[in-house]
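# Structural characterization, general
For reference, the chains in residue letters:
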Number of protein chains: 2
Amino acid sequence: MPDDARAAVAEPTPSCPVEITLGALRGRWTTLVVRELLRGERTFTELARALPALSDKVLSDRLAQLAESGVLVRDRRPGWPPRTSYRLTPRGRRLGPVLQALWDWGAGDDRG
Amino acid sequence: MPDDARAAVAEPTPSCPVEITLGALRGRWTTLVVRELLRGERTFTELARALPALSDKVLSDRLAQLAESGVLVRDRRPGWPPRTSYRLTPRGRRLGPVLQALWDWGAGDDRG
DNA sequence: CTGTATCCTGAACGATACTG
DNA sequence: CAGTATCGTTCAGGATACAG
């Protein structure tokens, strides 16, 4: 973390890298979608089936959000029935260690 | 990450460690408060001054939230004027690597 | 199958005022 | 100094219906 991270902060969402990452992961279900994709390519329906309590709209929102932040890409195949796959970009795959860090802290036994 | 992380997920906020961590860091300003405390003990006023755009109420909310999740402790000293210090617990200090991981990803140049 | 549009509700946020 | 109480607004989440 560079030293200018120490600068006085007037806003919580400037160009701060921490906020960029939290922005990409923001919202319910987001990390679960990413985790599913870390296991491999998935279609819309496969994601919906893996996350049964998640509505179509929110899944759509999450996929758009993650595409926007460069975490995943859509792979739309022509023909019928329409079939779209989602897979992580290299940048998206690099979220693996981030989720690992989040996991480790949350699983911490508080001693030490 | 243990293998049962692969289990089908019906809710986004079960006892999943990732969600525990995100829950602790949830909300605007939260990571900035933690980052300030990573630099050392701080009083309410010092935190408020470091984060000028943050209202008393929200700062109070954040400190309560972070105390609740075991990230920091209050150190209230008797006498007048009242003076309260906040400092991270060992668990709170272990958020350092987590914020580092968030920082690194957000600062990533997208190549590789 | 793969989404988008619309509406509704509850929680988070921020301002202000007030207390020990 | 160190907070809490109250209130209004905004925004994300979820249900439902519909479209390419």
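Residues numbered from 1 in each chain as written. Chains lettered and ligands numbered in written order. Predicted model: local features only at pLDDT ≥ 70, side-chain atom pairs only at ≥ 80, totals over all residues. Heavy atoms only, no water.

It is worth spelling out the protein's contact with DNA strand D at this point. Taken together, 18 residues surround DNA strand D, and among them R28 and R62 of chain A together with T45, S60 and Y86 of chain B come closest. Backbone atoms, meaning sugar and phosphate, form 72% of the atoms of DNA strand D found within 4 Å of the protein. Between R62 of chain A and DNA strand D, the recorded distance is 2.5 Å, taken from a side-chain N or O atom to a phosphate oxygen. In this structure, T45 of chain B approaches DNA strand D through a side-chain N or O atom, which is 2.5 Å from a phosphate oxygen. Secondary structure elements with two or more residues in the surface near DNA strand D: α4 (56-68) of chain A together with α3 (44-50), α4 (56-68), β2 (72-77) and β3 (83-88) of chain B. Per-class residue counts for the surface near DNA strand D are five nonpolar, five polar and eight charged. (Near = heavy atom within 4 Å. Polar contact = N/O pair within 3.5 Å; in protein donor to acceptor, adjacent residues only side chain to side chain. Helix = DSSP H or I, 4+ residues; strand = E, 2+ residues; numbered from the N terminus. Nonpolar A, V, L, I, M, F, W, Y, C, P; charged D, E, K, R; others polar.)

So, about the environment of S60 of chain B. Residues and elements named next belong to chain B. Topologically, S60 is positioned in helix α4. Under the relative-accessibility criterion, S60 is labelled partly exposed at 35%. In sequence terms S60 and D110 are 50 residues apart; their C-alpha atoms lie 37 Å from each other. (Buried < 20%, exposed > 50% of the residue type's maximum accessible area, 1.4 Å probe, protein only.)

Here the focus is the relation of the copies chain A and chain B. You can overlay chain A on chain B at an RMSD of 0.0 Å; the transform is a turn of 180° with a shift of 0.0 Å along its axis. The superposition operator between the copies reduces to a two-fold rotation axis. Both copies share a contact surface, since 100% of the interface residues of chain A are interface residues in chain B too. (Least-squares fit on C-alpha atoms with pLDDT ≥ 70 in both. Contact = heavy atoms within 4.5 Å.)

Before going further, it helps to examine the confidence of the model for chain A. For residues with low pLDDT, the predicted coordinates do not support detailed interpretation. Taken as a whole, chain A shows an average pLDDT of 90; of its residues, 89% reach a score of 70 or greater. At the level of individual helices and strands, chain A shows its lowest average pLDDT in helix α1 (residues 17-24) of chain A, which scores 94, and its highest in helix α5 (residues 90-93) of chain A, which scores 98. (pLDDT = per-residue confidence, 0-100.)

In the region of DNA strand C, 18 residues are neighbours, and T45, S60 and Y86 of chain A together with R28 and R62 of chain B sit closest. In DNA strand C, atoms within 4 Å of the protein come 72% from sugar and phosphate. Here R62 of chain B contributes a side-chain N or O atom positioned 2.3 Å from a phosphate oxygen of DNA strand C. Breaking the surface near DNA strand C down by element, the ones donating at least two residues are α3 (44-50), α4, β2 (72-77) and β3 (83-88) of chain A together with α4 of chain B. For the surface near DNA strand C, a count of residues per class yields five nonpolar, five polar and eight charged.

Let us look at the nonpolar core. In terms of nonpolar packing, the biggest core is built from 56 residues, with V33, L51 and L102 of chain A together with V33, L51 and L102 of chain B touching the most fellow members. With residues up to four places along the chain from it excluded, the contact list for L51 of chain A reads W29, L32 and V33 of chain A together with V9 of chain B. (Core = buried A, V, L, I, M, F, W, Y, C linked by side-chain atoms within 4.5 Å.)

On to unusual backbone geometry, then. A negative phi angle characterises most non-glycine residues, just as the trans form characterises most peptide bonds. Cis rather than trans, the peptide bond between W80 of chain A and P81 of chain A has omega equal to 0°. With respect to the helices and strands, the residue P81 of chain A is situated in the loop between β2 and β3. Phi angles above zero are rare outside glycine, and W29 of chain B is one such case at about 80°. With respect to the element layout, W29 of chain B can be found in the loop between α1 (17-24) and α2 (30-38). What makes W29 of chain B buried here is its relative accessible area of 7%.

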